[in-house]
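Listed below, chain by chain, are the residues.
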Amino acid sequence: MKEGAFLSDIQTLRRRAREHIAQGAVTPGYHADRDTALRLLNEALATEILCVLRYKRHYFMAKGIHAEGVAAEFLEHANDEQQHADQIAARLVQLGGEPDFNPEGLTSRSHAEYVEGDTLEDMIREDLVAERIAIDSYKEIILYLGDKDPTSRRLMEDILATEEEHADDMANLLEDLGRH
Ligand SMILES: [Fe+2]
Ligand SMILES: [Fe+2]
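A few points on the structure. Just so we're clear, the structure is a prediction, and the values are computed from it rather than from any experiment.

Here we look at the overall build of the chain
Now for step 1: Along the backbone of the chain there are six helices and zero strands.
Now for step 2: Listing each helix as α and each strand as β along the chain from the N terminus yields α-α-α-α-α-α.
Now for step 3: Against the compact-globule benchmark of 16 Å for 180 residues, the chain has a radius of gyration of 20 Å, which places it well outside the compact range.
Now for step 4: If one aligns the C-alpha atoms of the chain with their principal axes, the spans along those axes are about 70 × 35 × 20 Å.
Now for step 5: Out of the 180 residues belonging to the chain, those deemed buried represent 41%.
Now for step 6: Approximately 10700 Å² of the chain is accessible, and the part contributed by carbon and sulfur atoms is 50%.

Here it is as structure tokens:
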């Protein structure tokens, strides 16, 4: 880029775009370390899959007088996490990577844990903890991606915002339950 130039000159942009066209969306302007980005996104994918499984388990196991509203919330979150998993998987492919859906090693790739929980309160607490883990680890992923991969960063920022809502929902449910 010429000094003081805002954008690379058009000839350079056009020439670069013709190189390595099989890499699709990954252009010479992609500045993240691709292996690191793929690994981080696969860890986030594992986290989402685990959260789907945990929320599904909680949805089907929710029992007791307060269970109905809580179960509905669990199901809604399970569906959100499934959507996050799909979005991350699509992005992995776009980056020329492969989404890792292998059940083997899923729990160790995931940041959040799979805890079944005995009571409704246990379940909500475990979901809250898992959301809080996802929030902090996604923030770190977002910081890494920074300006190097703005599309993946924006995706993770959108997902992060939902996880914060999820954590807030679980904290409110826990508080409600404590009042009864
Ligand atoms: Fe999620
Ligand atoms: Fe969540």
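Observations regarding a nonpolar patch on the surface
Now for step 1: Together, Phe6, Leu7 and Leu13 make up an exposed nonpolar region whose accessible area comes to about 360 Å².
Now for step 2: Within the secondary structure layout, Phe6 lies in the segment before α1 (10-18).

Focus: the coordination of the iron ion (ligand 2)
Now for step 1: Note on the iron ion (ligand 2): its protein donors are Glu81 (OE), Glu131 (OE), Glu131 (OE), Glu163 (OE) and His166 (ND1). The metal-donor distances range over 2.0 to 2.3 Å.
Now for step 2: Donor residues for the iron ion (ligand 2), ordered by position in the chain, follow E-x49-E-x31-E-x2-H.
Now for step 3: The metal-metal distance between the iron ion (ligand 2) and the iron ion (ligand 1) is 3.9 Å, with Glu81 coordinating both. Of the two residues, Glu163 and His166 are both situated in helix α6 (residues 150-179); the distance of three residues between them amounts to about one turn of the helix. Here Glu163 matches His166 in class, with each residue buried.

What about the coordination of the iron ion (ligand 1)?
Now for step 1: Those donors, Glu48 (OE), Glu48 (OE), Glu81 (OE), His84 (ND1) and Glu163 (OE), are the protein atoms that reach the iron ion (ligand 1), and they lie 1.9 to 2.5 Å from it.
Now for step 2: Going along the chain, you hit the donors of the iron ion (ligand 1) in the pattern E-x32-E-x2-H-x78-E.
Now for step 3: Given a relative accessible area of 1%, Glu163 falls into the buried group.

Some details on unusual backbone geometry
Now for step 1: With a phi close to 50°, His20 is a non-glycine residue in the positive phi region.
Now for step 2: Mapped onto the fold, His20 is located in the loop between α1 and α2 (34-61).
Now for step 3: Taking the relative accessible area as the measure of exposure, His20 reaches 54% and is therefore exposed.

Remarks on the packing of aromatic side chains
Now for step 1: Within the structure shown, the criterion is met by two aromatic pairs.
Now for step 2: Here the basic side chain of Arg54 rests over the ring of Tyr55, its NZ or CZ set 5.0 Å away from the ring centre.

Observations concerning the layout of surface pockets
Now for step 1: Empty space within the largest pocket amounts to approximately 160 Å³.
Now for step 2: Around the largest pocket sit Ala25, Thr27, Gly29, Tyr30, His31, Arg91, Leu95, Asp147, Lys148, Asp149, Pro150 and Thr151, which together line it.

Here we look at the nonpolar core
Now for step 1: Within the largest apolar cluster, 43 residues are counted, with the highest numbers of intra-cluster contacts made by Phe74, Ile88, Leu120, Ile124, Tyr138 and Met156.
Now for step 2: Every element with two or more residues in this core is listed here: α2, α3 (67-94), α5 (120-145) and α6.
Now for step 3: Not counting the four nearest positions on each side in its chain, Ile88 is found in contact with Leu41, Ala44, Leu45, Glu48, Leu155, Met156 and Ile159.

Some thoughts on the environment of Asp149
Now for step 1: By the secondary structure assignment, Asp149 is in the loop between α5 and α6.
Now for step 2: You can call Asp149 buried: its relative accessible area is 2%.
Now for step 3: On a C-alpha basis, the gap between Asp149 and Gly29 in space is 9.4 Å, while along the polypeptide they are 120 residues apart.
Now for step 4: Every residue in contact with Asp149, bar those within four places of it in the chain, is listed here: Tyr30, Ala32, Arg91 and Leu95.

Rules behind the numbers
- Residues numbered from 1 in each chain as written.
- Chains lettered and ligands numbered in written order.
- Predicted model: local features only at pLDDT ≥ 70, side-chain atom pairs only at ≥ 80, totals over all residues.
- Heavy atoms only, no water.
- Helix = DSSP H or I, 4+ residues; strand = E, 2+ residues; numbered from the N terminus.
- Rg over C-alpha atoms; globule rule 2.2 N^0.38 Å.
- Buried < 20%, exposed > 50% of the residue type's maximum accessible area, 1.4 Å probe, protein only.
- Areas by Shrake-Rupley, 256 points an atom, 1.4 Å probe, with all protein chains shown as cover.
- Patch = residues over 30% accessible without salt bridge, like charges linked within 9 Å, V, L, I, M, F, W, Y side chains within 5 Å.
- Salt bridge = Lys/Arg side-chain N within 4 Å of Asp/Glu carboxyl O.
- Donors = N, O, S within 2.8 Å, 3.2 Å for Na, K, Ca; no water.
- Phe/Tyr/Trp six-rings, centres within 6.5 Å; stacked < 30°, edge-to-face > 60°.
- Lys NZ or Arg CZ within 6 Å of the ring centre and 35° of its normal.
- 1 Å grid on protein atoms, 1.4 Å probe; cavity = no way out; pocket = protein on both sides within 12 Å on 5 of 7 lines; lining within 4 Å.
- Points joined across faces, edges and corners; volume = space filled by probe spheres on them.
- Core = buried A, V, L, I, M, F, W, Y, C linked by side-chain atoms within 4.5 Å.
- Contact = heavy atoms within 4.5 Å.

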